[in-house]
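What the coordinates show
Now for the letters of each chain:
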Amino acid sequence: MKDRMLFNTCPDGEFFGRVYEIDYICRRAAEKPAPAIFLFGGRWTGKTELLRRVFHGLFWGQARVVPIYYQFKGYGSAEEFAEDYLKEVLKQYLAFRLRDARLVRNEVSLDKLDRLLVDNDLYDLADLAAIHREARRASDSTAALRNALSSPAMVSARSGIPVYLILDDIDHAACSDGQREAALSRELIDSLSLGPASFVASASTKRPLDGAAFSGSAEAMELPGLDEEVATSMMMDLGRQYGVEFDTEILRLAATRLEGNPMYLKSLVWAAAKSGVSLSTLKEFGDLYTQDLFEGNMGIALRSALGLRGINSLRVLHACSTSKRPLSDEDLSERFRLEPSELENIIEGLSEAGLVEVNLGSLLWAGGSVVKDFICFVYETRVKGRSAEEVRTYLAREILKEGFGFRGARAGLKLKDEVAEVMRSFNNQKVLKLLFRNQAFSARFKKGKGGDEGELTVPQSVGCFSSERLEAGEAGPPILVAHGFQNGRYDSGNEVVWIASVKDALSPVNIGDVENFLRRTQILRENFRAAKVVRWMVGREGFTAEAQKRIEAEGVFSSDSVQLKIIKEGLADKDSATRLKSSDKIAPVKEFEVVLPSSSKAELVAAKAVEEIGTEMGFDDAAIGQIKAALVEACINAFEHSRLKIAKVFLRFVASADRLTIHVQNGGVDFDSPSEPSDPIEAGAMPRKRGWGFELMRGLMDEVRVERVRGGAKIVLVKYLVKGDSSNGKEV
Ligand SMILES: Nc1ncnc2c1ncn2[C@@H]1O[C@H](COP(=O)(O)OP(=O)(O)OP(=O)(O)O)[C@@H](O)[C@H]1O
Ligand SMILES: [Mg+2]
């Protein structure tokens, strides 16, 4: 096998997403003139991985620019930086020209480089090494700096190919204090803003080099954590690789809670693998996370990265992290009795570390929630003297509580809003009673017992509002009130009020919730003169057996999120309402996720998976054949647009009452974007022949949509399930 390895990166099998960003920077690099890009993102969002992969792409995939990657670090002196930088520029140019990856990876002395340049007739570049030696002998650090920083321009002039600089951690060029570093960053800024070379530079603060570097001249590109879909798939994949058992929903929660930060995500899965714990419950996540944050890998990384200087700095940081409002200098100096000069120093340090943002004399927290948790731990133990175990317990408890609300938030629509939407759409439709009776519904679908087939006609809704104003001091889940009329008659005899409570948590509605609701509705109904009051409890996670019993006895309606989803679909969609009239068409929603690695025939794995899911749902062979063909097309399309070898494709199958919905996402690249013919990365690739792909998919499925997601798009394929209809839903 050819030796193509350049700078160290994580194994391809452990790298997720970022296809769009890598592709974008590579394309911009090849433009004439290439624009400068400033890439910023918090610690460990994956800037280095991304830039090294850009370098790899440019090194092997094109010949329009000479890519040079340089990572800034701490230096003893400006001359030391100059030598290091000069060596990298010369070495990587030689490597590019000689197509020799070893030169990039290996350390080479300046003398050896000098000889190599001469051997390859690159005398003017060899001169740069001589000037450097001269400057060092004369202890002329400015000359050494300027010589090194001019080397990319010399390379461009010599080779006739522009240099594209990939400057990682550019903020490190200015972070140490002292005259020499100030000179370094000044010279660097000058060379970047005046020099002919184009660049992409990364930093973990928005204002590197005192904000002066790229004023207005560079395109800013923020690198946030991985998006929810990609981050969840990454955890699933790592979980499988490291033999960690998991529940997808918990991983999704973890991925969001850890801000999609790849370092945190990996660290959590490793911690689980090391301690032999699974990631199947919220409690397991809470325990593992707090342990890793306090004593494990995450804690070590954060401790060294934050480098908290002094107890007052910690106090200020803690105050900012817990305050919902920006804090002013006066607030802080008064609260902590700080001299203005000390406070100024602290604020400068925190803002340099990207932990706070300073705006018009106010400080706003800019670190994420993981850093906030860590600060809480350090503060509580160091300042308040609490034991680590006590703080850990407190934090784990908070995470459990937070986790409850998570699923509602993830759906994009909170359950409460969903219930309000459902009640607002009441318009004399007929709905199966079963959908309002959780006990009967679960008996039928979870235990296979028969249920009643009766229907109920919902009223015509006039409006829906929250009960807050009517019961200001009440605790408990929110209650919604909807007014309407029955039987299409607008008289007081037909006036009806629906009172619905919504529990949007990861735990089922319990007897306490039922009692709370019964008491509150008793008081609330005093407000309405309506002839009839209907009480309805909605619980995201259903109901405990005890609660179900009490609800039945009281004649209160009850629905879980599955029932609600079916009600919602039925009310909104006339066709589906007719389909839903017969209860044997109703089945709980099931979701499956599959991550496809980029290998030949990966789409066949997808076809196999959909065949099983489709058969279980009751699609006939012809329909399954159509779904498989459409899915294979979507997968090929997704891989094709990913362009880079590392890409993966994420599939989510949602099998619901009357349809199969398949989400196909490729980590961020548009599916339908026309490919640029001159794209260097694609040079030599097969010409595109799949313009008809969408037409084909549309012919095979009932719905084909392209939905925007962060950084790209995904394809959504829908096939309706119509039992007894041999065409299985393809209504022509
Ligand atoms: N897209 C990704 N998929 C999987 N792992 C990733 C991804 N991006 C980064 N990582 C891993 O996350 C960790 C942090 O990545 P990296 O060092 O690139 O972040 P960074 O933003 O450069 O951090 P720093 O702020 O320290 O410069 C590394 O272990 C890296 O291998
Ligand atoms: Mg980095």
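Residues numbered from 1 in each chain as written. Chains lettered and ligands numbered in written order. Predicted model: local features only at pLDDT ≥ 70, side-chain atom pairs only at ≥ 80, totals over all residues. Heavy atoms only, no water.

1. A few points about the pairing of strand S13 (residues 495–503)
As a reminder of what qualifies: With a 1.4 Å probe rolled over the protein chains alone, any residue whose accessible area is under 20% of its type maximum counts as buried; one over 50% counts as exposed, and the rest are partly exposed. Numbering of helices and strands starts at the N terminus; helices are DSSP runs of H or I of at least 4 residues and strands are runs of E of at least 2. At least two bridges found by DSSP between two strands are what make those strands a pair.
Of all nine residues in S13, eight are buried; the element is thus mostly enclosed. In this sheet, S13 lies alongside strand S12 (residues 479–485) in antiparallel orientation, the contact comprising seven bridges. Of the residues in S13, the one forming a bridge with His483 is Val497. As paired strands, S13 and strand S14 (residues 532–539) are joined by eight bridges and run parallel to one another.

2. Some points on unusual backbone geometry
Along the chain, Lys32 connects to Pro33 via a cis peptide bond; the corresponding omega equals -10°. Along the chain, Pro33 turns up in the loop between helix H1 (19–29) and strand S1 (37–40). Backbone geometry at Arg99 places phi at a positive 50°, although glycine is not the residue there. Here Arg99 lies in the loop between helix H3 (78–98) and helix H4 (101–105). Looking at Arg99, the relative accessible area reads 37%, which means it is partly exposed. Positioned with a positive phi, Glu259 is a non-glycine residue whose angle comes to about 60°.

3. Digging into the pairing of strand S8 (residues 362–365)
Burial along S8 is one-sided: the face carrying Leu363 and Trp365 is buried and the face carrying Ser362 and Leu364 is not. Bridge count between strand S7 (residues 356–359) and S8: four bridges; the pairing is antiparallel. Note that in S8 the partner of Val356 across the bridge is Trp365.

4. Topic: the environment of Glu389
Residue position: Glu389 is located in helix H18 (residues 388–410). Taking relative accessible area as the criterion, Glu389 reaches 45% and is therefore assigned partly exposed. When the C-alpha positions of Glu389 and Gln291 are compared, they lie 9.6 Å apart, and in sequence the two are 98 residues distant.

The values reported here are purely geometric and, on their own, carry no functional implication.
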